[in-house]
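So you can see what is in the structure, the chains are spelled out below.
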Amino acid sequence: MQGAWWAFGITIASLAALAYYAFVILPARIHRWRCEGLRAFARLIELRTQGRYGKAEPMAELASAVAQRLGIPLHERRRMELAVYLRDIGMVAIPYPVLNKRTPLTPAERELIGRHAEISASITEQIPGLWHVAPIVRLHHVVYSEQPDAPLTAHILSALDDWLRIAECADADTASSVLKQGAGARYHPLATQAILSEVHQRALNSVQTLTRSAALWL
C-alpha cells in the first residue's frame with residue numbers, strides 16, 4: 001500500500017513539473033528566442049539609419065520595468081517587448097536620403113517618415129504568430145489627447161521613445177521635464193509618472209552604487 005502511495009506521489013510530482021515546464025519555462029524560452037530573432041531587425045534599422053532609429057535594447061529593458069510598476073500582466077509586457085523590436089522595421093520603406101538627411105526635413109518628408117508606424121504594423125501582421133503585436137506597433141507614437149483609450153503599453157512606448165531620444169540629445173533632466181509638461185496632453189499621465197519614477201529610482205541607485213564603490217577606497 002505504501003508503495004502505491006509513493007508511485008502516486010511521484011506521478012503527481014512529475015505531472016506538476018511537466019505543467020510548470022509547459023506553462024512557465026517553455027513560454028519564457030519561446031519569448032526569449034523570439035526577441036533574439038527580432039533583435040536582428042532592430043539592429044538592421046539602426047545600421048541603416050546610422051543609429052537614429054531602431055534602437056531597442058535600452059527601450060525594451062526600461063519599458064518592461066515601467067510596465068511592471070503599472071501592474072501590467074506578463075503576457076502584455078511580453079507583447080510590448082516584441083513591439084519594441086518591430087516598431088521601426090517600417091523604416092526599410094523610407095528612402096535612405098530622407099532617413100539620413102542632416103538638414104531639417106520638409107513637411108512632406110516628415111509625413112513620409114511618420115508612415116513608418118503603419119508600415120511596421122503591416123509587416124508585423126505578416127509574421128507568423130505575431131499578428132497580435134501589430135496594434136501596439138501601429139500606435140507606438142500615439143498621442144494621449146487623441147487616443148486616450150489606446151493600450152497602455154502603446155502609451156508607454158510613445159512616452160519612453162521621446163524620453164530616450166531627448167535624453168540622448170540633451171540630458172535626462174530635460175527629457176523628464178518634457179514628459180512632465182506633456183502629461184495629460186501628449187503623454188498618458190500614468191505612463192509618464194511611471195517612467196519618471198523608474199528613471200528617478202535608477203538615478204538614486206547609481207548614486208548609491210558610486211557611493212559604496214568610493215567607500216571601498218577609504
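Residues numbered from 1 in each chain as written. Predicted model: local features only at pLDDT ≥ 70, side-chain atom pairs only at ≥ 80, totals over all residues. Heavy atoms only, no water.

**Q** Kindly report on the overall build of the protein chain, identifying the contributing residues and their values.
**A** Scanning the protein chain for helices and strands turns up ten helices and zero strands. Listed N to C, the secondary structure of the protein chain is α-α-α-α-α-α-α-α-α-α in terms of helices and strands. Expressed as a percentage of its 218 residues, the buried residues of the protein chain come to 35%. Counted over contacts in the protein chain with a minimum sequence separation of 6, partners at least 24 positions apart contribute 65%. Of the accessible surface of the protein chain, which amounts to about 12700 Å², a share of 63% is contributed by carbon and sulfur atoms. (Helix = DSSP H or I, 4+ residues; strand = E, 2+ residues; numbered from the N terminus. Buried < 20%, exposed > 50% of the residue type's maximum accessible area, 1.4 Å probe, protein only. Contact = heavy atoms within 4.5 Å. Areas by Shrake-Rupley, 256 points an atom, 1.4 Å probe, with all protein chains shown as cover.)

**Q** Summarise the nonpolar core; cite the residues concerned and give the values.
**A** Ranked by size, the top nonpolar core spans 42 residues in total, and within it Tyr 85, Leu 86, Val 133, Ile 156, Leu 157, Leu 179 and Ile 195 carry the most contacts. Listing elements by their share of this core, those giving two or more residues are helix H1 (2-48), helix H2 (57-69), helix H3 (74-86), helix H7 (134-138), helix H8 (152-169), helix H9 (172-182) and helix H10 (189-216). Here this core takes seven residues from H8, the largest share from any one element. With near-sequence residues (within four places) excluded, Ile 195 lies in contact with Val 66, Ile 156, Ala 159, Leu 160, Trp 163 and Leu 179. (Core = buried A, V, L, I, M, F, W, Y, C linked by side-chain atoms within 4.5 Å.)

**Q** A description of the packing of H3 against H8 should follow, citing residues and the corresponding values.
**A** Packing of H3 against H8 leaves a shortest axis separation of 10 Å and a crossing angle of 40°. Considering the angle they form, H3 stands oblique to H8. In this structure, the crossing between H3 and H8 has a hand that is right-handed. For the pair H3 and H8, the contacting residues are Glu 76, Met 80, Ala 83 and Val 84 in the first and Thr 153, Ile 156 and Leu 157 in the second. Of the residues contributing to the contact of H3 with H8, the split by class is five nonpolar, one polar and one charged. (Axes fitted to C-alpha atoms, helices over the stretch in contact; angles between N-to-C directions. Parallel < 35°, antiparallel > 145°, perpendicular 65-115°, else oblique. Left-handed = near helix turned anticlockwise from the far one by under 90°. Nonpolar A, V, L, I, M, F, W, Y, C, P; charged D, E, K, R; others polar.)

**Q** Give me the lowdown on the environment of Arg 165, citing residues and values where you can.
**A** Mapped onto the elements of the fold, Arg 165 is located in helix H8. On the accessibility criterion, Arg 165 (44% relative accessible area) is partly exposed. The spacing of Arg 165 and Tyr 53 is 112 residues in sequence and 9.5 Å in space, taken between C-alpha atoms. A distance of 3.2 Å separates polar atoms of two side chains, one belonging to Arg 165 and the other to Asp 162. (Polar contact = N/O pair within 3.5 Å; in protein donor to acceptor, adjacent residues only side chain to side chain.)

**Q** Could you give an account of the layout of surface pockets, naming the residues involved and the relevant values?
**A** One number sums up the size of the largest pocket: a volume of about 690 Å³. Elements that contribute at least two residues to the lining of the largest pocket include exactly H2, helix H5 (107-114) and H8. Here the residues of the lining of the largest pocket sort into eight nonpolar, seven polar and eleven charged. The space that makes up the second largest pocket amounts to roughly 200 Å³. Pro 27, Ile 30, His 31, Arg 34, His 75, Arg 78, Arg 79, Leu 82 and His 132 are the residues that line the second largest pocket. (1 Å grid on protein atoms, 1.4 Å probe; cavity = no way out; pocket = protein on both sides within 12 Å on 5 of 7 lines; lining within 4 Å. Points joined across faces, edges and corners; volume = space filled by probe spheres on them.)

**Q** Would you mind going over the environment of Gly 90 in detail, with residue names and values included?
**A** Along the chain, the position of Gly 90 falls in the loop between H3 and helix H4 (96-99). With 45 residues separating them in the primary sequence, Gly 90 and Ile 45 have C-alpha atoms 8.8 Å apart. For Gly 90, the contacting residues outside a window of four places in its chain are His 116, Ile 119, Ser 120 and Ile 123.

**Q** Tell me about the pattern of salt bridges, residues and numbers included.
**A** Summed over all chains, the structure comprises 14 salt bridges. A salt bridge links Arg 32 to Glu 81; its shortest N-O distance comes to 2.8 Å. In this pair, Arg 32 sits in helix H1 while Glu 81 sits in helix H3, placing the two residues 49 residues apart along the sequence. We classify Glu 81 as buried; its relative accessible area is 13%. (Salt bridge = Lys/Arg side-chain N within 4 Å of Asp/Glu carboxyl O.)

**Q** Go over the side chain of Thr 192, please, and point to the residues and values.
**A** Within the secondary structure layout, Thr 192 lies in helix H10. Take Thr 192: its relative accessible area is 2%, and that puts it in the buried class. The residues touching Thr 192, leaving out its near neighbours within four places in the chain, are Leu 179, Lys 180, Ala 183 and Tyr 187.

**Q** I'd like a rundown of H8, residues and numbers included.
**A** If you check H8, its first and last C-alpha atoms are 26 Å apart, about what 18 residues at 1.5 Å a residue would give, namely 26 Å. Of the residues making up H8, those classed as buried are Thr 153, Ala 154, His 155, Ile 156, Leu 157, Ser 158, Ala 159, Leu 160, Asp 161, Asp 162, Trp 163 and Ile 166. (Expected span 1.5 Å × (residues − 1).)

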